[in-house]
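# Notes for the structure review
The primary structure of each chain is shown beneath.
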Amino acid sequence: VVTGRVCVATVLNEVFEITRRHFRQSGVESLDLRAEVADRTMMVEADPDHLKQILINLVFNGVEACREGKRVVITRVRSHTITKLDVAQGMLPEGDWASIAVCDSGGGIQERILERLYEPFVSTKTSGTGLGLAVVKRLVDNCGGRITVETRVGEGTTFTICLRRCPVTAPMPVRMHMQHEPA
């Protein structure tokens, strides 16, 4: 159900601005959002609004998972070429893919929650609806992508989404660092 092409860096900039604004209004004192984007022109096959919603949900969850004090969320964007060997090992289908990893320094996810992570109404937050990751999973699936999670209790969690990469002309490396500290 993929419905377009979208520049990952452009969407990520929008998501970071929305995130900073939301958490500033919520009284979060220290928020450090970092993006490491290997190619700022990278385009993926996805509906732009869907990619924005996916990243908003993952980045918000990452910020909320961090303990009080400094909240750090790092988003890494990379490109990968999947070969026939990778396909044989159960990886993604052959082709060019982009991976977007959202990493937080929170407390990790308990094993009992991991088993049901993408089910609707599963949440570890007292104020959460438990729909965010269910929506993320459905939107990633609709884009023909994959989502994985790696977590260590007490250390943090990384959600990685993989989406088909669109061909682009000249890649230009960029490193963004966006930070909000109270005035």
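Being a predicted model, the structure only gives us computed values, none of them experimental.

The next thing to look at is the packing of aromatic side chains. This model, assessed by the stated rule, comprises one aromatic pair. Ring geometry for Phe 23 against Phe 60: centres 5.1 Å apart, planes inclined by 65°, an arrangement best described as edge-to-face. Of this pair, Phe 23 sits in helix H1 (residues 8–25) while Phe 60 sits in helix H2 (residues 48–65), placing them 37 residues apart in sequence. Judged on exposure class, the residue Phe 23 and its partner Phe 60 are both buried.

In this fold, Leu 163 is placed in strand S7 (residues 156–166). Here Leu 163 falls in the buried class, since its relative accessible area comes to 1%. As for Leu 163 and Ala 98, which are separated by 65 residues in sequence, their C-alpha atoms are 5.4 Å apart. Sequence-distant contacts of Leu 163, defined by excluding residues within four places in its chain, comprise Val 44, Ala 46, Leu 51, Trp 97, Ala 98, Cys 143 and Gly 145.

With that settled, the discussion passes to the pairing of strand S6 (residues 146–152). Note: S6 against S7, seven bridges, orientation antiparallel. Within S7, the residue paired with Val 149 across the bridge is Phe 159.

By the criterion of burial, strand S5 (residues 95–104) is predominantly enclosed, with nine of the ten residues buried. Pairing of S5 with S7 involves eight bridges; the strand directions are antiparallel. Of the residues in S7, the one forming a bridge with Ile 100 is Ile 161.

With that settled, the discussion passes to the confidence of the model for the protein. This prediction gives the protein a mean pLDDT of 82; 84% of its residues lie at or above 70. In this model, residues 170–183 is a region of pLDDT below 50 whose contacts with residues beyond four sequence positions or in other chains number 41 contacts.

Further remarks concern the pattern of salt bridges. Pairs can form between side chains of opposite charge whenever their charged atoms are close. Across all of its chains, the model carries eight salt bridges by this definition. Its salt-bridge partner being Glu 17, residue Arg 20 comes within 2.4 Å of it at the nearest N-O pair. A residue pair is termed a helical-turn pair when its members lie 3 or 4 positions apart in one helix, as Arg 20 and Glu 17 do in helix H1 at three residues. Among the residues examined, Arg 20 registers a relative accessible area of 15% and is labelled buried.

Rules used in this analysis
Residues numbered from 1 in each chain as written. Predicted model: local features only at pLDDT ≥ 70, side-chain atom pairs only at ≥ 80, totals over all residues. Heavy atoms only, no water. Phe/Tyr/Trp six-rings, centres within 6.5 Å; stacked < 30°, edge-to-face > 60°. Helix = DSSP H or I, 4+ residues; strand = E, 2+ residues; numbered from the N terminus. Buried < 20%, exposed > 50% of the residue type's maximum accessible area, 1.4 Å probe, protein only. Contact = heavy atoms within 4.5 Å. Pairing = 2+ DSSP bridges. pLDDT = per-residue confidence, 0-100. Salt bridge = Lys/Arg side-chain N within 4 Å of Asp/Glu carboxyl O.

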